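# A structural walkthrough
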There are 2 protein chains.
Amino acid sequence: MLMIDERSKKILCAIVENYINLPDPVGSRTVAKGHPLGLSPATIRNIMADLEEMGLLTQPHTSAGRVPTDRGYRLYVDSLLLERGSTDIERIQEIYLNLETLRDNIDILLVETSKAISMVSHYLGIAMSPKPNVTTLNKIELFKYKSDKLAAILFTDEGMIKNKLLSLDSEITQKDLNRIASYLNSEFSGYTLDEIRLKILKEMSREKTMCDRLISRAIRICQEALSFPFGDLFVSGLSEVLELPDFADLQKIKELSRAIEEKHTIIKLLDKLADLDGVQIIIGSENSMDEMKKFSVVVSSCKEDGRPVGVVGIIGPTRMNYLKAISIIDNTAKFITRMLGER
Amino acid sequence: MLMIDERSKKILCAIVENYINLPDPVGSRTVAKGHPLGLSPATIRNIMADLEEMGLLTQPHTSAGRVPTDRGYRLYVDSLLLERGSTDIERIQEIYLNLETLRDNIDILLVETSKAISMVSHYLGIAMSPKPNVTTLNKIELFKYKSDKLAAILFTDEGMIKNKLLSLDSEITQKDLNRIASYLNSEFSGYTLDEIRLKILKEMSREKTMCDRLISRAIRICQEALSFPFGDLFVSGLSEVLELPDFADLQKIKELSRAIEEKHTIIKLLDKLADLDGVQIIIGSENSMDEMKKFSVVVSSCKEDGRPVGVVGIIGPTRMNYLKAISIIDNTAKFITRMLGER
DNA sequence: ATTAGCACTCTACTACGGAGAGTGCTAAAA
DNA sequence: TTTTAGCACTCTCCGTAGTAGAGTGCTAAT
């Protein structure tokens, strides 16, 4: 662990906050003036030199001011989490009101949530629907559609409805479909999709010994119906972040847009964090994915009765207003949880 | 109409093609060398001066080569459409094979189609699902869900399935729901969603005179169920176009990303073109939306029995390889149409 | 009608130099 | 021992100047 006294920490935080407001390297004079610590620029220079030695600050070049490193941001954020205040909640509340009207469609709700986050934060807003391993099947309904097709409608306890068209290999009546559906419901309702997948695999392994043709068919249909991309990721606000001076450079924009389009890397990242409680923060190089090493991520999972129902977050430059970001994400996560909890 | 002789046209096309390959202003020497027209640079200079006077070319500055204007591209494209050849179909076919597997879910199919288009074209790929005015209701199913909610599942003739959760204001049995559903189906099946909306409005105006409580409830449910954002737009390939030198400038990237996020402007644009047959091309300033005046659009609607089932297209710089773009879009539209037609 | 020749124009690139901001170091002060 | 003042030094930023090169328009010859 890093040894650092209170005064140095204050100066580090002052530099970080200064840099967040204005992306120019921060000099000793600026710190001395802006924060009434009763220290002269010279003293502060000494401390800054120490902080640099510790790897918390860097200079873009000799004789520029200092800029926080990722580790510098980390220390700042950690000290922030201990005593964080609430930021402009009013603005957010207003936007939440509009989201209320969308509660009945979780996908659209999440899209709009990601947009809302990007609007208030001016960073990328992200929202992800629950992953199959934690999604519980409420019921399944089956319909004939156009003679040779079958529509499977999946309801989850979390309020998601997913549908999938399946091609039928042989004729079947709606009556049989109803029987299949009620069999599947009695068998699988209340289990998570991952559990169901496991059960299906087991069933299939002894399928040959089973002679009930209908059941074996039911199993097959259910398996196909479950092969669905749960865990959708919605990202909004690219034009928002392009306004930031941090993205003046084309290379960085390219990296970010690649990261956005390669959604599965972000999904993988969020998956890791979905189980944890509270607001999680990943700063620049702490990120394990190469595409994301220049950006910071602030996320929180939305949990209902300890069961995650989604993830919301922010992606932005390492020079992010973490205080604001944390507050927004914390509030949004709680709001979504509350809203979905009322269903 | 513009008067222009065959030789000038050849030179214009030569300049456009040259510029498409390499985004540098084209000089008279280059044209003389690259295209064996048997003319000297000086002659070509004269013709280029004429073309500039006609508004088909411009110079970035006095002593640079020439660059096509939007009107220049237009002439090039028009002469192209008369005698167009087929381009690298093989590559496209290969990608189409993967799309085949997705035919059962139209939304995912369209997402993947837009990705495929961007991959082969290296421009933005766009795909849009049918608009409600041309979407025909096949059937509607209603379910109780968690005691106080109602799930409405809409099937369209085009193979789309949409679902919507509605909150119930008062208790209702599944039996009643079934009766409502079969009433709605007998009444509305086979009509386009827009037609149904009209019918509903009519019904509601005389609702007061009707005493069948169930029917009035059915009408209300149906109305809510139809308030669905059909006509989704999918855009892919931002990181693809960022590699183009045309987007070296930050301002242009911002405009493009704004255009992408403000999907409704693009949707409006595509709506206008959805009714037309064949490949439609809009070049730069021909575009009525401000956000799009710096980009070109190549689109084609996918029609099944004269009824549009979607729109596919490309958005790119005005300096676009129109020949390739046209070929890709034409083929993709035909492929999608054929695939959906087989259902 | 076409071409060769030539002067002209404009950009892109490099080099130079001064202003300004911020540093590190040293020596004095607290 | 810690803090501060002073000062020389370093590096970026920005404007100016000068040059090479590409491409033009015009004129006169073919």
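Per chain, residue numbering runs from 1 following the sequence as it is written. Here every chain gets a letter starting at A, and every ligand a number starting at 1, in the order they are written. Two thresholds apply to this predicted model, a pLDDT of at least 70 for residue-level local features and 80 or more for giving and counting side-chain atom pairs, whereas whole-chain, interface and lining totals are computed over all residues. Hydrogens are left out, water is left out, and the side-chain values use all remaining heavy atoms of the structure.

## Here we look at the overall build of chain A
Convention followed: Numbering of helices and strands starts at the N terminus; helices are DSSP runs of H or I of at least 4 residues and strands are runs of E of at least 2. Radius of gyration: over C-alpha atoms. The globule rule applied is 2.2 Å multiplied by the number of residues raised to the 0.38 power. Any residue under 20% of the maximum accessible area for its type is buried, any over 50% is exposed, and the rest in between are partly exposed; the area is computed with a 1.4 Å probe on protein chains only. The contact criterion used is simple: two residues touch if any of their non-hydrogen atoms lie within 4.5 Å. All accessibility values rest on the Shrake-Rupley procedure with a 1.4 Å probe; residue burial counts only the protein chains present in the view. His residues and chain termini do not enter the charge count, which takes Lys and Arg as positive and Asp and Glu as negative. Here the site of a charge means atom NZ of a Lys, CZ of an Arg, CG of an Asp or CD of a Glu.
Counting its regular elements, chain A contains 13 helices and 10 strands. Taking 343 residues into account, the globule formula puts the C-alpha radius of gyration at 20 Å, and chain A, at 25 Å, lies well above it. For chain A, the C-alpha atoms occupy an extent of roughly 85 × 40 × 35 Å along the three principal directions. Taking all 343 residues of chain A together, the buried fraction comes to 54%. Counting only contacts in chain A whose residues sit at least 6 apart along the sequence, the fraction spanning at least 24 positions is 63%. Split by element, the accessible area of chain A, about 15,200 Å² in all, is 51% carbon and sulfur. Taking the 45 positively charged and 49 negatively charged side chains of chain A as two groups, their mean positions are separated by 2 Å.

## What to know about the protein's contact with DNA strand D
For the record, the criterion: Any residue with a heavy atom positioned within 4 Å of a molecule or strand is treated as near that molecule or strand. Any pair of N or O atoms that falls within 3.5 Å is considered a polar contact. Within protein, one atom must be able to donate a hydrogen and the other to accept it, and sequence-neighbouring residues count only if both atoms are side-chain atoms.
Near DNA strand D you find 21 residues, and of these A:R7, A:T43, A:S63, B:S28 and B:R66 are the closest. Of all atoms in DNA strand D that approach within 4 Å of the protein, 73% are sugar or phosphate atoms. In this structure, B:R45 approaches DNA strand D through a side-chain N or O atom, which is 3.2 Å from a base nitrogen. One nitrogen or oxygen atom from the side chain of B:R66 is found 2.7 Å from a phosphate oxygen belonging to DNA strand D. When contributions to the surface near DNA strand D are tallied by element, the ones reaching two or more residues are α3 (41–53) of chain A together with α3 (41–53) of chain B. Among the elements that make up the surface near DNA strand D, the one with the highest residue count is α3(A) (4 residues).

## Quick look at the pattern of salt bridges
Residues and elements named next belong to chain B. Selection criterion: For this document, the term salt bridge refers to a Lys or Arg side-chain nitrogen within 4 Å of an Asp or Glu carboxyl oxygen.
Inspection of every chain in the model, using the stated rule, returns 34 salt bridges over all chains. A salt bridge links E286 to R74; its shortest N-O distance comes to 2.8 Å. On the criterion of sequence distance, the pair formed by E286 in the loop between β8 (280–282) and β9 (295–304) and R74 in helix α4 (residues 70–82) is long-range, its members being 212 residues apart. The exposure class assigned to R74 is partly exposed, which follows from its relative accessible area of 22%. Put simply, K149 and D148 hold a salt bridge, and the shortest N to O gap is 3.8 Å.

## Digging into the relation of the copies chain A and chain B
The line we're drawing: The copies are overlaid by a least-squares fit using only the C-alpha atoms of residues whose pLDDT is at least 70 in both copies.
For these two chains of identical sequence, chain A goes onto chain B by a turn of 180° and a shift of 0.0 Å along the axis, with RMSD 0.2 Å. The transformation relating the two chain copies, once decomposed into turn and shift, fits a two-fold axis. Among all residues of chain A, the one whose C-alpha sits closest to the rotation axis is A:L250, at a distance of 3.6 Å. A shared binding surface is used by both copies, with 100% of the interface residues of chain A retained as interface residues in chain B.

## Some words on the domain arrangement of chain A
Frequently, the measure chosen for interface size is the accessible area removed from exposure when the parts meet. Applied cut-off: By convention here, the domain bounds are inherited from an automatic or database domain assignment.
Per the domain assignment, the segments making up chain A are domain 1 (6–69), domain 2 (89–131 + 231–341) and domain 3 (133–226). For domain 1 of chain A and domain 3 of chain A, the distance between their C-alpha centroids amounts to 62 Å.

## Re the sheet that holds strand β4 (residues 137–145) of chain B
All names here are of chain B. In plain terms, the rule: The pairing criterion is simple: DSSP has to find at least two bridges between the two strands. Note on definitions: angles span 0 to 180 degrees between N-to-C directions of axes, and those axes are lines fitted to C-alpha atoms, for helices only across the stretch in contact.
The strand order across the open sheet built from 3 strands is β4-β5-β6, with neighbouring strands paired in antiparallel fashion. Two strands lie at the open edges of the sheet, namely β4 and β6 (161–167), each paired on one side alone. With direction set aside, neighbouring strand axes in the sheet form an average angle of 20°. Note: β4 against strand β5 (residues 149–156), 8 bridges, orientation antiparallel. What sits directly across from L142, in β5, is A152.

## Thoughts on helix α6 (residues 106–121) of chain B
Residue and element names in this part refer to chain B. What counts is decided by this rule: For a helix, the expected span equals 1.5 Å multiplied by the residue count minus one.
In this model α6 runs 22 Å from its N-terminal to its C-terminal C-alpha over 16 residues, within 8% of the 22 Å that 1.5 Å per residue would give. Buried residues of α6: I106, L109, L110, T113, S114, A116, I117, S118, V120 and S121, and no others. H122 occupies a position one or two residues after α6 and carries a positive phi of about 65°.

## Topic: a negative patch on the surface
All names here are of chain A. Spelled out, the test is: Each patch is built from residues that are more than 30% exposed by relative accessible area and take part in no salt bridge. Like charges join if they lie within 9 Å; nonpolar side chains (Val, Leu, Ile, Met, Phe, Trp, Tyr) join within 5 Å.
On the surface, D5, E6, D50 and E53 cluster together into a negatively charged patch. Within the element layout of this structure, E53 appears in helix α3. We classify E53 as exposed; its relative accessible area is 71%.

## Comments concerning the protein's contact with DNA strand C
Near DNA strand C, the surroundings consist of 20 residues, among which A:S28, A:R66, B:T43, B:T62 and B:S63 are the closest. Sugar plus phosphate: this is where 76% of the atoms of DNA strand C within 4 Å of the protein reside. One of the side-chain nitrogen or oxygen atoms of B:T62 is found 3.4 Å away from a phosphate oxygen of DNA strand C. Of the residues forming the surface near DNA strand C, the biggest block, 4 residues, is contributed by α3(B).

## Overview of the sheet that holds strand β3 (residues 124–128) of chain B
Residues and elements named next belong to chain B. One open sheet accounts for 5 strands, arranged β7-β3-β10-β9-β8; its pairing is antiparallel. Each of the sheet's edge strands pairs with one partner strand only, and the pair in question is β7 (233–236) and β8. Averaged over all adjacent pairs, the angle separating strand axes in this sheet is 15°, with direction ignored. Two strands pair when backbone bridges link them, and β9 and strand β10 (residues 307–317) are joined in this way by 10 bridges, in the antiparallel orientation. Paired with F295 across the strands is P317, a residue of β10. Set on the sheet, helix α12 (residues 263–274) makes contact with β3, β7, β8, β9 and β10; between it and β9 the angle comes to about 55°.

## Points about the environment of A:V120
Residue and element names in this part refer to chain A. Tracing the sequence through the fold places V120 in helix α6 (residues 106–121). Judged by relative accessible area, V120 falls into the buried class, the value being 8%. Between the C-alpha atoms of V120 and I95, which are 25 residues apart in sequence, the distance is 8.7 Å. If sequence neighbours within four positions are ignored, V120 has contacts with R91, I92, I95, K324 and I328.

## Observations concerning the side chain of A:T337
Relative to the assigned elements, A:T337 resides in helix α13 (residues 322–341). In this structure, A:T337 is in contact with A:C302, A:K303 and A:E304, ignoring residues within four places of it in sequence.

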